[in-house]
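Chain by chain, the residues run as shown.
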Amino acid sequence: MLKFINTLNCKICKKKGNSIYRTKYTDISIISFLKNYYGKKGYKFFENKLSNLNFNLLRCNDCKFIWQEKSLNEKFSIVLYDKIIDKKKSLIKSKIKFKKRKYKNRKEINFIINQFKEKKINILDFGAGWGHWLYSGEKSKFNSYALEMSTHRKKYISNLGIKVINKDTARKYKKFFHFIRLDQVVEHLDDFKTVFKLIRRLAKKDCIFYLSVPDGKKIINNPSRIKIEKGAIQPLEHLNCFSRYSLIKLLK
């Protein structure tokens, strides 16, 4: 059975959120989005399971933060990313992006390496996708590690020569990483506390931490802009919508 976790209080300050947008998952706007994004076959998996549920967005006025009241539990999040999302299309998209950004990515990695005195540093891509960002760098200059939940992606990353770890094995790497990257990851998280606690354990004293999320400032400042589309409040996947203010408050 498809299970949801209900979150009524702000994930940052724990104050009760205010509903700013509410519609049924059977609303034509959501059905149309799910069919277009996941395909008719993918939508079929969710169709009956979502029929009696509401898509509800809550806002914390203090934190300038929006989140989806209901989020998939871990078991079905894995099903979503491993079985529902078309892995072939996702891989092709990642490869195209890799070709376009390979040299830019390499410059980014070299810039990171140059911030440290060590001959070889340890870099972790947390939520690495298909691993192409790490693969862009020169292996002789750094040790590459990827943390990823998708079985298909983990196998692919490993074949690229990148060491794959998970949340359990990661605990062995205490104060190990010079640089930790979370690119387009935090918007998907149901549990901030567990993830950031792990990151603090993994990070060396002078670790550089890189984090990016979809920009939700316009939606947070003006909820009338909310549309059911790919973006900061995307149903099922983008559970958290940040402004710069809320992101900094979370990290503090």
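Not measured: the values here are computed from a predicted model.

S.K.: Go over the packing of helix α1 (residues 28–47) against helix α2 (residues 74–84) with me, naming the residues and quoting the values.
M.R.: Taken N-terminus to C-terminus, the directions of α1 and α2 make an angle of 155°; their axes are 11 Å apart at the nearest point. The angle between α1 and α2 places the two elements in the roughly antiparallel class. Read as a crossing pair, α1 and α2 show a hand that is right-handed. Taken together, the residues of α2 that come into contact with α1 (itself represented by Y38, G42, F45 and F46) are F76, V79, L80 and I84. In the contact of α1 with α2, the residues fall into seven nonpolar, one polar and no charged.

S.K.: Go over the pattern of salt bridges with me, naming the residues and quoting the values.
M.R.: Opposite charge on two side chains permits them to pair, given that their charged atoms come into close proximity. For the structure shown, the criterion picks out seven salt bridges. For D62, the salt bridge goes to K15, with nearest N and O atoms at 2.3 Å. Here D62, found in the loop between β3 (54–60) and β4 (65–68), pairs with K15, found in the loop between β1 (4–6) and β2 (18–24); they are 47 residues apart in sequence, far enough to count as distant. The exposure class assigned to K15 is partly exposed, which follows from its relative accessible area of 46%. Across the pair R22 and E69 runs a salt bridge whose closest N-O atoms are separated by 4.0 Å.

The rules we used
Note that residues are indexed from 1 along each chain, following the sequence as it is written. Totals for whole chains, interfaces and linings use every residue, but because this is a predicted model, local features are given only for residues with pLDDT of at least 70 and side-chain atom pairs only at 80 or more, for both listing and counting. To get the side-chain values, all heavy atoms of the structure are used, and hydrogens and water are removed first. Angles run from 0 to 180 degrees between N-to-C directions of axes, and those axes are lines fitted to C-alpha atoms, restricted for helices to the stretch in contact. For helices the rule is a DSSP run of H or I covering at least 4 residues; for strands it is a run of E covering at least 2, with both sets numbered from the N terminus onward. Comment on the angle field: the value is read as roughly parallel under 35 degrees, roughly antiparallel over 145, roughly perpendicular from 65 to 115, and oblique elsewhere. In this scheme the crossing of two helices becomes right-handed for a clockwise turn of the near helix relative to the far one and left-handed for an anticlockwise turn of less than a right angle. Pairs of residues are marked as contacts when any of their non-hydrogen atoms sit within 4.5 Å. Residues are grouped as follows: Ala, Val, Leu, Ile, Met, Phe, Trp, Tyr, Cys and Pro are nonpolar; Asp, Glu, Lys and Arg are charged; all remaining types, including Gly, are polar. A pair is scored as a salt bridge if a Lys or Arg side-chain nitrogen falls within 4 Å of a carboxyl oxygen belonging to Asp or Glu. Between buried and exposed lies partly exposed: a residue is buried under 20% and exposed over 50% of the maximum accessible area for its type, with that area taken using a 1.4 Å probe on protein chains only.

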